[in-house]
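Report on the structure
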Amino acid sequence: MGKVAVAFASAAVVAACSVAAVMVRRRVKSRRKWRTVVEIVKEFEEGCDAPVGRLRHVVDAMAVEMHAGLASEGGSKLKMLLTYVHDLPNGTEKGTYYALHLGGTYFRILRVHLGGERSYLDVQDVERHPIPSHLMNSTSEVLFNFLAFSLERFIQKEGNESNSQGVKRELAFTFSFPVKHTCISSGVLIKWTKGFEISEMVGKDIAECLQGALNRRGLDIHVAALVNDTVGALSLGYYHDPDTVVAVVFGTGSNACYLERTDAIIKCQGLLTTSGSMVVNMEWGNFWSSHLPRTAYDIDLDAESSNPNDMGFEKMIAGLYLGDIVRRVILRMSQESDIFGPSSSVFSQPYVLRTNSVSAMHEDDTPELQEVARILKDLGVSDVPLKVRKLMVKICDVVTRRAGRLAAAGIAGILKKIGRDGGGGITSGRSRGEMQMQRRTVVGVEGGLYMKYTMFREYMEEALVEILGEEVSQYVVVKAMEDGSSIGSALLVASSLQS
Ligand code: ADP
Ligand code: MG
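Residues numbered from 1 in each chain as written. Chains lettered and ligands numbered in written order. Predicted model: local features only at pLDDT ≥ 70, side-chain atom pairs only at ≥ 80, totals over all residues. Heavy atoms only, no water.

Going by an unreviewed UniProt entry, the chain carries the name Phosphotransferase and comes from Brassica napus. Under the Sequence similarities (unreviewed entry) heading, UniProt states for the chain: "Belongs to the hexokinase family." (UniProt positions renumbered as here; feature names shortened; annotations may be inferred.)

1. Observations concerning helix α4 (residues 206-216)
Where α4 is concerned, the buried positions are I206, A207, C209, L210, Q211, A213 and L214. Packed against the buried residues of α4 are β2 (94-102), α3 (140-157), β5 (169-175), β6 (179-183), β7 (186-189) and β8 (221-227). Its side-chain oxygen 3.0 Å from the backbone nitrogen of A207, D205 forms the N-cap of α4. Trailing α4 by a residue or two, G218 shows a phi angle of about 70°, which is positive. (Buried < 20%, exposed > 50% of the residue type's maximum accessible area, 1.4 Å probe, protein only. Helix = DSSP H or I, 4+ residues; strand = E, 2+ residues; numbered from the N terminus. Contact = heavy atoms within 4.5 Å. Polar contact = N/O pair within 3.5 Å; in protein donor to acceptor, adjacent residues only side chain to side chain.)

2. What about the sheet that holds strand β3 (residues 106-115)?
Taken in spatial order, the five strands of this open sheet run β4-β3-β2-β5-β8, and their pairing is mixed. The sheet is open, and its two edges are formed by β4 (121-130) and β8, each paired on a single side. Taking the axes of each pair of neighbouring strands and ignoring which way they run, one obtains an average angle of 20° across the sheet. For β2 and β3, the ladder comprises nine bridges, and the chain directions are antiparallel. Within β3, the residue paired with H101 across the bridge is R108. Each of β2, β3, β4, β5 and β8 is contacted by α3, which is oriented at about 40° to β3, the strand it contacts most. (Pairing = 2+ DSSP bridges. Axes fitted to C-alpha atoms, helices over the stretch in contact; angles between N-to-C directions.)

3. Examining the sheet that holds strand β1 (residues 81-82)
Spatially, the six strands line up as an open sheet ordered β1-β11-β10-β9-β12-β13, and their pairing is mixed. Among the strands making up the open sheet, the edge pair consists of β1 and β13 (476-480). As defined by bridge partners, β1 adjoins strand β11 (residues 277-281) across two bridges and the pair is classed as antiparallel. Directly across from L82, in β11, lies its bridge partner V280. The sheet contacts of helix α5 (residues 229-240) involve β9 (244-250), β10 (254-261), β11 and β12 (441-446), and relative to β9 the element is tilted by about 135°.

4. Comments concerning the nonpolar core
If you look at the biggest cluster of nonpolar residues, it comprises 118 residues, and the most contacted ones within it are F250, Y258, M282, W284, M333 and F340. In terms of residue count, helix α11 (residues 386-417) provides more of this core than any other element does, 17 residues in total. Core analysis: the next-biggest nonpolar cluster, separate from the first, contains 35 residues, I131, A148, F173 and V223 among them. (Core = buried A, V, L, I, M, F, W, Y, C linked by side-chain atoms within 4.5 Å.)

5. Side note on the packing of helix α6 (residues 296-303) against helix α8 (residues 319-336)
Between α6 and α8, the least distance of the axes is 10 Å, while the angle of their chain directions is 115°. Taken as a pair, α6 and α8 cross one another with a handedness that is right-handed. Residues Y297, D298, D300 and L301 of α6 form the contact with α8, whose participating residues are Y321, D324, I325, R328, V329 and R332. In terms of residue class, the contact of α6 with α8 is made up of five nonpolar, no polar and five charged. (Left-handed = near helix turned anticlockwise from the far one by under 90°. Nonpolar A, V, L, I, M, F, W, Y, C, P; charged D, E, K, R; others polar.)

6. Things to note about the pattern of salt bridges
Evaluated as defined, the whole model comprises 29 salt bridges. Across the pair R440 and D241 runs a salt bridge whose closest N-O atoms are separated by 2.8 Å. With a gap of 199 residues between them, R440 in the loop between α11 and β12 and D241 in the loop between α5 and β9 connect regions that are remote in the sequence. According to the relative accessible area criterion, R440 is partly exposed, its value standing at 34%. D241 gets classed as buried once you look at its relative accessible area, which sits at 8%. The residue R374 makes a salt bridge to E371 at a minimum N-O spacing of 2.7 Å. Pair noted here: R374 and E371 are both in helix α10 (residues 370-378), with a separation of three residues, about one helical turn. Note on E371: relative accessible area 25%, which makes it partly exposed. A network of salt bridges, in which partner residues are shared, links R111, D125, E158 and R169. (Salt bridge = Lys/Arg side-chain N within 4 Å of Asp/Glu carboxyl O.)

7. What to know about the packing of aromatic side chains
According to the stated counting rule, one finds 16 aromatic pairs in the structure shown. Each member of the aromatic cluster is reached from another via a ring pair, and the members are F144, F173, F175, F177, W192 and F196. The ring centre of Y106 lies 3.9 Å from the NZ or CZ of R128, which sits over that ring. One cation-aromatic arrangement involves K194 over F177; the distance from NZ or CZ to the ring centre is 4.6 Å. (Phe/Tyr/Trp six-rings, centres within 6.5 Å; stacked < 30°, edge-to-face > 60°. Lys NZ or Arg CZ within 6 Å of the ring centre and 35° of its normal.)

Have a look at this one:
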């Protein structure tokens, strides 16, 4: 071989070697990045771990905080608000009633007709619309004018059939935010949650605001009750089944209420009701315990929210937030690697990933995870490899499993407080040593997260059995109630006007 040929051959070998070296380096780098993202997910999963032992601590903390919130005003992060609802609808109610419901994402209007027997509950004309986002930080006048206008349109559509005698229409205002009541039909807003920010409304009487707006439009409608959504759900549950003593909402936000004995409401000594009990609105979204498995992502979500240091439990279990926890983990993965490609900046946008998308990804049963790919594409992120898509499903699973399990612990905490958990309850108002016979207990549940996200529901129900044990669980019935908040509030107006 000539010198020139040798030089060419060795140059070719050198070139081949350096190409191979680049490829090896790339492969090593890509493997290292993959290990990094897997590590991020693993660490997140460990941080969210909620084994039954930990859940039991949460159960105990919930029961203790409930007790503290009932003992004194400001005694706990749980406000344990009085609702002045002591008689729940029993099925004998008659007439036509309306409900207007302001939730966290939707507002709904409906009419119910009651025939005096349980079987004669006719729910008519349910309207459900997303709340226009500009209203969430507008003014009280703009918000209530909008609600009055929507109600007017609803009533115009019904013609004269429903109100042929021209009698005043009786309305329940179902309001899914914390209110300090003075009676069933009035109360002032304590604070906004779920991203609403109309600060001048805090401290105002909510029923009066709506009544004023209805009067200004010349509508002959009477706001007969101001009802927390959970209390509406409890009312519908009780109407169908008097063993219903607890109601929980898992929608945009989360909250619970239950029927408490008046003598256990220590902060309101001398409170007398005919039934000896009153519905207490727990405002459990604000529950906190050091036993809750909190991660750095939860801390950041809270710090960057419109209500930092507030509603810690809600931020781990409710629909508004689950998508954003998932987004934060994905964002970290994209910052530490390039597995999502150049369009990954979309993940820096708060709340860009909704919980509806989380459930769609989580429940994607196509072998190639096409639904996950579609959702990512809709966000502008294409060509994400299958193994990365699988990791995303894993993140959705971790977030939702934790949410479902914590939700179950919350419910078990209430059952413990009222002595329906198979133990003796905690001692409030109940004589020590008094053994509780296990009674059938129905927990009414509603809200978009619970109704539409099967995996959330399954994780919650599975954990409830784990916490309570097979035997006690047989006595605890979890019942789904679609539109329970609104329908139940209308029933509550009927029963409160008839009692
Ligand atoms: P609101 O909170 O306004 O009363 P809903 O009870 O219907 O309304 O809850 C709506 C919330 O439920 C949505 O904001 C979303 O977080 C959650 N949600 C709705 N549909 C789904 C779904 N398919 N999967 C998961 N979460 C859902
Ligand atoms: Mg709701």
